[in-house]
Amino acid sequence: MDSDYSAQDVVRCDLCKTAIAQSYCDFCHVNLCKPCIGEHISDEYDKHKIVPIHKRKSTLIYPKCGTHPNKTCEYQCKDCNISICFDCLASKHHNKEHEFIKLKEVFNAKKKHIQRVTEELEKSFLPAYEDMANDLEMQIASLNGEYKKLTAELSKQREEIQREVDNAIEQMEKEIDEIKVKHRTILQKHLDEIKQLQSHMLQTLYALNKMEESNEVSAIINYSCKTEEFSKLPPRVIVSMPKFIPNQMNTDAICSLIGKLSPLSTTMENRVFTGKKPSNSVRELLDEPEVHKTIKTGHKYLHSVTCFSDEEIWTSEQTAKIKCFNIQSVLQKTIQTKSKGIPWDIAVDRTGVLLYCDLKTRTLYKVKNDQTEEIITLQGWTPINLCVTFSGDLLVTMYSDDKTQSKVLRYSGSTVKQTIQFDDEGQPLYSGNSSIKYISENRNLDNCVADYGAGAVVVVNQAGKLRFRYTGHPSPTKSKSFEPRGITTDSQCRILTSDFNNHCIHILDADGQFLRYIDNCDLRKPFGLCVDSDDNLFVCEYYKGNVQKIRYSK
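It should be emphasised that the depicted structure is a prediction, and the values quoted were computed from it without experimental measurement. (Residues numbered from 1 in each chain as written. Predicted model: local features only at pLDDT ≥ 70, side-chain atom pairs only at ≥ 80, totals over all residues. Heavy atoms only, no water.)

**Student:** Help me understand the side chain of Asn546 in this model?
**Tutor:** Checked against the element boundaries, Asn546 lands in strand β34 (residues 546–553). Classification of Asn546 by relative accessible area gives buried; the value is 14%. Excluding anything up to four places from it in sequence, Asn546 contacts Thr294, Ile295, Lys296, Leu302, Val539, Cys540 and Glu541. (Helix = DSSP H or I, 4+ residues; strand = E, 2+ residues; numbered from the N terminus. Buried < 20%, exposed > 50% of the residue type's maximum accessible area, 1.4 Å probe, protein only. Contact = heavy atoms within 4.5 Å.)

Here it is, written out as structure tokens:
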């Protein structure tokens with residue numbers, strides 16, 4: 001929050017230092033009272049811009065044009081990804097066939113993204129780190145009490161043995177103190193690491209808050225905000241208390257009469273960040289969904305899309321090429337599959353690594369730093385679609401060589417953790433053929449599969465138990481059979497699936513109840529789907545080769 005607007009203070013004039021400021025020069029960044037306005041603008045400088053104090057920093061500071069030094073750039077070329085001025089638009093210095101966008105729109109979109117990142121850090125990540133630090137502090141605070149109990153047990157044993165073993169007892173007490181110091185050191189080390197990360201997060205928040213207040217266009221649109229380094233929580237340190245193990249009295253071995261202490265042991269327990277959904281994050285469906293962007297990919301048979309970030313997407317088609325585009329439709333990168341085979345489905349993990357299924361080699365690959373590496377290679381089965389879960393696992397749909405069976409496997413790394421294939425009565429959950437079966441994990445941890453061969457959306461819970469099947473919604477305007485292709489879920493646990501035959505998107509709630517269609521956006525043969533962190537829907541149009549960015553919720 002801006003301190004100028006805190007309840008404990010008022011904004012004072014920067015010239016006279018005493019009067020309350022009602023105005024602000026948005027060019028000079030000066031607070032002004034009414035009498036001082038005339039003095040401020042009396043220098044014949046024509047750039048002053050006086051605005052009410054509550055509209056301070058509302059005037060954007062545009063970058064200077066490299067071609068026309070006396071002009072400011074208020075537009076961006078979507079094809080070249082550079083800033084240009086109005087004279088550039090009117091002159092021959094720039095290709096008039098290119099598409100242009102106002103820098104103000106780019107600036108406002110980036111501001112909203114920064115606000116979302118700030119909110120995520122403040123409401124989700126920072127509380128998680130505070131909880132970890134509090135837990136470690138409580139463990140450290142309780143050490144003295146726990147070790148006093150241990151010493152008391154040792155003292156009881158000492159009362160039962162003769163005076164000549166006192167020296168041995170004292171030696172063991174020293175050992176306890178040494179273990180306690182080691183115990184404290186281990187916990188303190190992890191507490192220091194947690195607090196260091198907290199400090200880094202607070203510094204990031206401070207920088208983001210500064211960016212929110214800034215009206216520097218170049219700085220804002222070039223600022224990259226990432227929270228991946230905070231989303232992977234440090235492991236939990238578990239240090240087991242030593243135990244005093246007494247022995248029976250034995251005059252032949254005085255030292256052995258006392259007993260022994262179990263060694264201090266330390267284990268690391270991995271933690272998974274699940275995030276806390278803010279209480280005010282309810283998003284209602286819009287009455288009329290609207291297309292915000294059309295990204296032309298150049299793909300001939302476009303079937304898969306996944307969000308690399310809120311600003312970039314990956315796409316794939318029935319060739320060996322995977323393409324990355326920014327929201328302005330500018331191609332950022334092209335990757336060719338290792339085997340030159342078709343990458344039928346793609347996904348991005350929490351660290352930004354690209355994953356894809358290769359039908360030719362029956363292998364799942366990851367692409368990191370432009371290097372392609374095999375993750376999983378199947379025998380007797382062909383992987384076709386995949387998704388990354390909230391815990392970081394991988395869900396993969398696949399069909400057998402004889403094309404009579406289909407199943408879903410959950411992988412942790414390259415290890416199979418779960419197989420989902422049959423219901424409680426031993427019947428197959430999915431159609432037994434090679435048809436596509438896009439998959440997505442809902443926020444309630446349900447697994448949702450768009451089974452094109454069965455004409456159904458099949459949803460099972462985390463344990464693999466069938467919850468429901470959705471086979472379409474009766475409608476007089478949807479005369480063709482329900483043909484689900486792509487599937488995704490949003491922050492409200494809603495399920496969205498594309499209907500290839502009827503050129504629309506079905507939206508269901510978490511329990512499979514139909515909510516509405518998206519059928520007013522002129523979609524043609526919709527295929528793969530994904531949503532970004534702000535619940536914007538990206539839809540592949542199979543034959544057009546376009547990705548439509550659709551806003552469907554408030």
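After that view of the structure, there is still more to cover.
**Student:** Please clarify how the packing of aromatic side chains should be interpreted in this entry.
**Tutor:** Aromatic rings in a pair are described by how distant their centres are and how their planes are angled relative to each other. Under the criterion given, the structure shown has 12 aromatic pairs. Consider the rings of Tyr301 and Tyr543, whose centres lie 6.1 Å apart with planes at 75°: the pair is edge-to-face. Placement of Tyr301 in the loop between β11 (285–296) and β12 (302–307) and of Tyr543 in the loop between β33 (536–541) and β34 is noted, with a sequence separation of 242 residues between them. You can call Tyr301 partly exposed: its relative accessible area is 30%. Judged by relative accessible area, which is 51%, Tyr543 ranks as exposed. Ring geometry for Phe500 against Tyr542: centres 5.8 Å apart, planes inclined by 80°, an arrangement best described as edge-to-face. With Phe500 in the loop between β29 (495–499) and β30 (504–508) and Tyr542 in the loop between β33 and β34, this pair connects stretches of sequence that are 42 residues apart. For the pair formed by Phe500 and Tyr542, the shared burial category is buried. Among the aromatic residues, those joined into a cluster by ring pairs are Tyr301, Trp344, Tyr438, Phe500, Phe527, Tyr542 and Tyr543. (Phe/Tyr/Trp six-rings, centres within 6.5 Å; stacked < 30°, edge-to-face > 60°.)

**Student:** I'm lost on the pairing of β29 in this one. Help?
**Tutor:** Here is the key point about a regular strand: its side chains alternate between the two faces of the sheet. Across the five residues that make up β29, a large majority, five, are buried. What you see with β29 is no split at all: Ile495, Thr497 and Asp499 on one side and Leu496 and Ser498 on the other are buried throughout. Taken together, the four bridges between strand β28 (residues 484–489) and β29 define a ladder with antiparallel strand orientation. Note that in β29 the partner of Thr489 across the bridge is Ile495. The turn linking β28 back onto β29 is made up of five residues, and Cys493 within it adopts a positive phi angle of 65°. Taken together, the five bridges between β29 and β30 define a ladder with antiparallel strand orientation. The residue of β30 that forms the bridge with Ser498 is Ile505. Linking β29 back to β30 in an antiparallel pair, the connection comprises four residues, with His503 at a positive phi of about 55°. (Pairing = 2+ DSSP bridges.)

**Student:** Before we go on, may I ask you to explain the nonpolar core in this structure?
**Tutor:** In summary, soluble globular proteins display a tendency toward joint burial of nonpolar side chains. Leu121, Tyr129, Tyr147, Leu187, Met201, Val217 and Leu261 are the most contacted members of the largest nonpolar core, which has 47 residues in total. Listing elements by their share of this core, those giving two or more residues are α3 (103–141), α4 (143–159), α5 (166–213), α6 (217–222) and β7 (236–240). Broken down by element, this core gets its largest block of residues, 13 residues, from α3. In contact with Met201, not counting residues within four places along its chain, are Leu121, Phe125, Leu126, Tyr129 and Phe230. Ile295, Leu302, Tyr438 and Val457 belong to the second-largest nonpolar core, a separate cluster that totals 29 residues. (Core = buried A, V, L, I, M, F, W, Y, C linked by side-chain atoms within 4.5 Å.)

Keep in mind that these numbers describe shape and distance, not what the molecule does.
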